[in-house]
Structures are given as structure tokens and as C-alpha cells.
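Structural description and commentary
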Amino acid sequence: MTPEEKKKLELFAVDVREGIVKSTHAAKSGHPGGSLSATEYYTYLYNKELRADPKNPKDPNRDRFVLSKGHCAPGLYATLANKGFFPVKDLLTLRHIGSYLQGHPNMNLTPGVDMSTGSLGQGISTAAGMAKAAKYLKSDVRVYTLLGDGELAEGQVWEATMFSAHYKLDNLCITVDVNGLQIDGATKDVMNTEPLDKKFEAFGCNVIKIDGQSFDDLEKAFKFFHDNQGSGKPTVILMKTTKGKGVSYMENQAGWHGKAPNDAELEQALKELEDARKKIEAA
Amino acid sequence: MAEVKKIATRDSYGNALVELGKKTDKVVVLDADLAGATKTGTFKKAFPDRFFDCGIAECNLIGTAAGMSTMGLVPFASTFAMFAAGRAFEQVRNTIGYPHLNVKVCATHGGISVGEDGASHQCCEDFALMRTIPGMTVMCPSDDVEARKMVEAAYEMQGPVYIRFGRAATPVYHDENFKFEIGKGEVVKDYGTDVAIIANGILVPEAIQAAEDLKAEGINARVINMATIKPIDKDLVLKAAKDCGKIVTVEEHNIYGGLGEAVCGVLAEEFPVPVRRVGVKDEFGHSGPAAQLLKDMGLCADTIVAKTKELL
């Protein structure tokens, strides 16, 4: 990736973060913490990786993305809006009566959403089903899914992982946003899911650990996924991130898992993001 | 009298899948290590490349089927009723029902006629659970012919479907010319208008037997096979209420939440008449031969006759 390309991604990520804080502020609820930790992932996925056309969001040959950690919809919506799937101004309707931006993703209402999710542990099964169907149909469609590390306590995640390895779904890219925090506190204290690399390896996956806030690392991880095509193994990207990344008072605070910023907090967040934007532009 | 042919509707299901498989390669079948029992094994044998075993993991089975349907396939997902409607209820609700996906959840071993396996496997709650999911079509065939035509109709319609098939071999009373339509009940006997008996599943032959017994005593019943529990055939229920003034419902399901309550819901709001419900009386089953269990728990012609007499 050239410095210009990286700069574009960095600026896009600022736009996504703005969308997250503005939309959750307007909704007076929602999940900014895990949306912010996954912002670089969303940004890279939709700008560099996924074959998806905002003008033809139902194209049967598109790659699929399933947000298994569906509560991080604000990040997905902000990404889709900034890619042109729908107007950015509509982000402010998040969670409002009559809005097509539901609290958790709805595939029948929102352009660009490939699966309705929200109940944790279930998205990964649907992604595995899509990947299996692609194999059956001899299609080159790739399937991507994003999970939270707290979500991995759901037994169904491991049912789906077993299925994916059993059916050799090397067209499936499972990413875990390892931000280390969930509603009740640190993941290691609530229900320790580590060691994740050893677990997924033991389940028959190719595993790579990266810094999920680094575009260079994300590029490396998706290259790893591409190189694994033909290996007969699903790819797992364990991406270490910071919950609440990019908004100082939200960073590494479990309390910002599912809470919206108030007026003053929004103002401060937007100021910080504006500063970040200027810094990127000046670089 | 010639011996009546008996076939379990789970066998009908397996055979119907093979017929569908010959028609289209969009049909795929998933199971959770019960292919031999659910009879999806029949399909597996004919089309091994379109059969996917998910292992003993019913929640993932449902999710996987949902994902496949978004790729244009028509998945039939099978396991026992207990695990499809029970264990994976929330998966059916959230990943099939909520997005209204074109998945056919086809469960076998519904009701107490599962027999010897006992209460842990005798699902008498599936109609209730599936009926509460918006947009879900819920059906239960009464014999082999209806079961096969129902599978085809489920494939032809767009949207989520739940069908319950039985384990035990039961009489075949439809002929091959029978036309099945989703959402339409069927008058199978019309001896008169003293009472209407509305039944489904393997108890329809018992309802017919009850009507014969009642006739011998000068009580003339209409027997309706209500194979679609949701959407229920409101017109036929109301016509029965208006013509007969008394209704007995019969089902191999808890009296809470199933066919009986669906019928009562229609009647209570539009044309109230006295009703008696024959079903599992809010209790768990137990081990034993199916025929004996059905008798012991009151799911037989004698009970239907007795309940009818309460109304007269």
C-alpha cells in the first residue's frame, strides 16, 4: 500500500468514527466502544478487500460480510454510508422509529447488510453456511465475518468453527476483534476465552495475530487469507484492538460498550477527531 | 376389510426430498447426525453432494441453513422436533424467522408417539414455539400422501416453513389425487352437523374412527384435517362453528399453544361456540410403545368420543 493509499484509509476511518459518535449520540443509545475498535477493520474491508458495489448491493456475485457481533452496527453503518450504500446524513436516524438503521443489522432494510444479526454466536454460523454454499455452487465468492472476543463464550461459535474446518471452508475469513472488554468488565475476568490462537488452531484453522488498528497489519492478514485459498482451512484473524479507539475518554473503558455520548461528550469527541484529521492531512 | 397401508410420515419426507432433488439442484439437505432416523438419509444416498451433516450441533445447523438460503439455495434442515423447535428455537427465530429466509425446518419425531425414548425426546411444544414466530408457516401432515405433497408445497412457497413429521407408521387414507394447499383445511368426513372435530397429524385417523363410533350412536360429526396450523384456515373453522355449534380439537401436542388454541383464537374473536380440546394435558410423556402411550395419555378415538359427549 502506498503512503497516499494509507492516508486515504486513515481519513476514511476518521469519517467512520465521526459517524459512530454522531449516530449513537442522536440515538441516545447504541454501542460505540466495539464499533470504534473495529473501525480500521471495517475501513480496510470495504475499501480494499470486499468485492461489493454500493450501486448493486444485491449482486449475487458479491463477497459477503456478516457482522456476527451485530451490536457494532454503528461502525458498519458509518462505513456503508461513507462508501455510498446510503446517505451519510441518514446515520442520524439510527435506532429511531421508522429508520432503516435498526439497533442491530437487518438485511432486509439496510442496503449492503448481508445478514441480520445481533444474537451473539449466530452470525458465524450463517457465514459458514454462505461459504459452504459458495463451494457447492462452485462460486469464487468469499465470506468474511467479524466476532467479538466476548462473543466467543457462545458455544455456537465453536460449533460453526468445527463445521468450517470439517468442510474445508478456506473461502471463509473469521476475524475476532480482541479488544479485551465486554459489558461486565475485562474478558479475562468475565469468562476467559484465551488462548485464542491455540484454540482456533486446534479446531483446524489457519491463525494470524495482528494489530487490528494497523492498516499494514490488516493488509498482511488479508494476504494471509488469500494465500490460504486452496489450503482447505478457514482463516482466523485475531486482531488486537483498543475498545473505544480514537475517542480518548472511551478508550479501554468497558463502560463505553453500550452507552451513547451526551452533548458535551460528543463535542469533545468531534474535536479530537477533527484534530486527528488535521494531523493526517498535514503528514 | 382390506388391510390399511401404514407409512410413517418421516419416510414420506425422505422420499419427497428425493423427488425434489430430481427436479432441482437448488435443494440441499442438512441434518444433525440423525439422517437415519429423520430419513434425510434417503436423500443423502441419492444426492450425496447435496447433503451436509452438521454433526450434533443443532444451533449451527439452523444458522448454516439460513446462510445457505441467502445464496439462493433452498435448504431443508432436519433433526428431531425437540432439537429443531426446542433447542434451536432462538436460532430459528432470529436467523430464519426475523430475516424471513427461505429455509424449510423439517422436524421428525414430534409428539409422544416417539415412544420408548421417553419424555426427553417427545416434543409436544413445537407447534406453540413455531407458531409464535412472525411469518412462520407451521404444518403437520396426517398421512403419507399429504406429507409428500406438503414437502413439495413447502418448496414451492417462498419463506420459512416448519413441518413436523411422525416416527410411527400410521394409516394412509388419502389417495394420490389429493390436492394439498398450504393454509387450507380439509373436510375428511361429513356425517352431519352435531359436532365438528378438528384434528391434525397422526390423530386424524383417530378422529375419523371417533366419528364412526359416534355415528353408530346416532351422533353425526364433521371431521376436519387441519394440516396447516399457521396460517389457520379461518373460514373453515368459522363454517364448522356456524354449521355445528360445537367443536372438539385433537392434536398430539400440549393443549397449550397448539391447534386447539389456534382454533379457540379464531372462535373467541369471531364466533364463540363451546370447545373441548383433546391433547397432551400439560404433562410430560414417558417411555413405552407408541400405541399404548397414545391410549394411556388419552390421544385416541375413545377420548374424542367422550369429549364430544361432554358437549352434547
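Residues numbered from 1 in each chain as written. Chains lettered and ligands numbered in written order. Predicted model: local features only at pLDDT ≥ 70, side-chain atom pairs only at ≥ 80, totals over all residues. Heavy atoms only, no water.

**Structural notes on the confidence of the model for chain B**
For chain B, the mean per-residue pLDDT works out to 97, and 99% of the residues sit at or above 70. Across the predicted assembly, pTM comes out at 0.97 and ipTM at 0.97. (pLDDT = per-residue confidence, 0-100.)

**A short note on the pairing of strand β5 (residues 104–108) of chain B**
The two faces of the sheet receive side chains in turn, since in a regular strand these alternate between them. Residues and elements named next belong to chain B. Summarising burial for β5: five of the five residues are buried, a large majority. Every second residue of β5 is oriented toward a common face, with Lys104, Cys106 and Thr108 on one face and Val105 and Ala107 on the other, all of them buried. Where strand β4 (residues 74–80) lies against β5, five bridges are found, and the strand directions are parallel. Paired with alanine 77 across the strands is valine 105, a residue of β5. Sheet analysis places β5 next to strand β7 (residues 161–164), joined by four bridges and oriented parallel. Bridge pairing links cysteine 106 to isoleucine 163 in β7. (Buried < 20%, exposed > 50% of the residue type's maximum accessible area, 1.4 Å probe, protein only. Helix = DSSP H or I, 4+ residues; strand = E, 2+ residues; numbered from the N terminus. Pairing = 2+ DSSP bridges.)

**Description of the interface of chain B and chain A**
Opposite the 27 residues of chain B that make contact, chain A presents 24 residues. For the pair chain B and chain A, the summed buried area comes to about 2100 Å², and 61% of that belongs to carbon and sulfur atoms. Here chain B and chain A share zero salt bridges between them. Counting across the interface, chain B meets chain A through 10 residue pairs in polar contact (both at pLDDT 80 or more). Elements represented by at least two residues in the side of chain B that touches chain A include exactly β3 (51–53), α4 (58–69) and α6 (89–97) of chain B. Its residues assigned to classes, the side of chain B that touches chain A shows 12 nonpolar, eight polar and seven charged. (Contact = heavy atoms within 4.5 Å. Buried area = accessible area lost by both parts, 1.4 Å probe. Salt bridge = Lys/Arg side-chain N within 4 Å of Asp/Glu carboxyl O. Polar contact = N/O pair within 3.5 Å; in protein donor to acceptor, adjacent residues only side chain to side chain. Nonpolar A, V, L, I, M, F, W, Y, C, P; charged D, E, K, R; others polar.)

**Notes on the sheet that holds strand β7 (residues 235–240) of chain A**
All names here are of chain A. Strand order in the open sheet formed by five strands is β1-β2-β3-β7-β6, and the pairing between neighbours is parallel. At either end of the open sheet lies a strand with only one pairing partner, and these are β1 (64–67) and β6 (206–211). The mean angle between the axes of side-by-side strands here comes to 20°, regardless of whether they run parallel or antiparallel. Examined bridge by bridge, strand β2 (residues 143–148) and strand β3 (residues 172–178) share six bridges and lie parallel to one another. Across the sheet, residue leucine 146 finds its bridge partner in β3, namely threonine 175. Sheet strands in contact with helix α5 (residues 123–136) are β1, β2 and β3, and its direction is about 165° off that of β2. Sitting on the sheet, helix α9 (residues 215–227) touches β2, β3, β6 and β7, and the angle it makes with β6 is about 170°. (Axes fitted to C-alpha atoms, helices over the stretch in contact; angles between N-to-C directions.)

**Structural notes on the layout of surface pockets**
All names here are of chain B. In this structure, the largest pocket occupies an estimated 710 Å³ of space. Put simply, the parts of the chain that give the lining of the largest pocket at least two residues each are β8 (169–171), β9 (186–190), α9 (204–216), α12 (290–296) and α13 (301–311). The element that contributes the greatest number of residues to the lining of the largest pocket is α9, accounting for five residues. Taken together, the residues of the lining of the largest pocket break down into 18 nonpolar, two polar and six charged. (1 Å grid on protein atoms, 1.4 Å probe; cavity = no way out; pocket = protein on both sides within 12 Å on 5 of 7 lines; lining within 4 Å. Points joined across faces, edges and corners; volume = space filled by probe spheres on them.)

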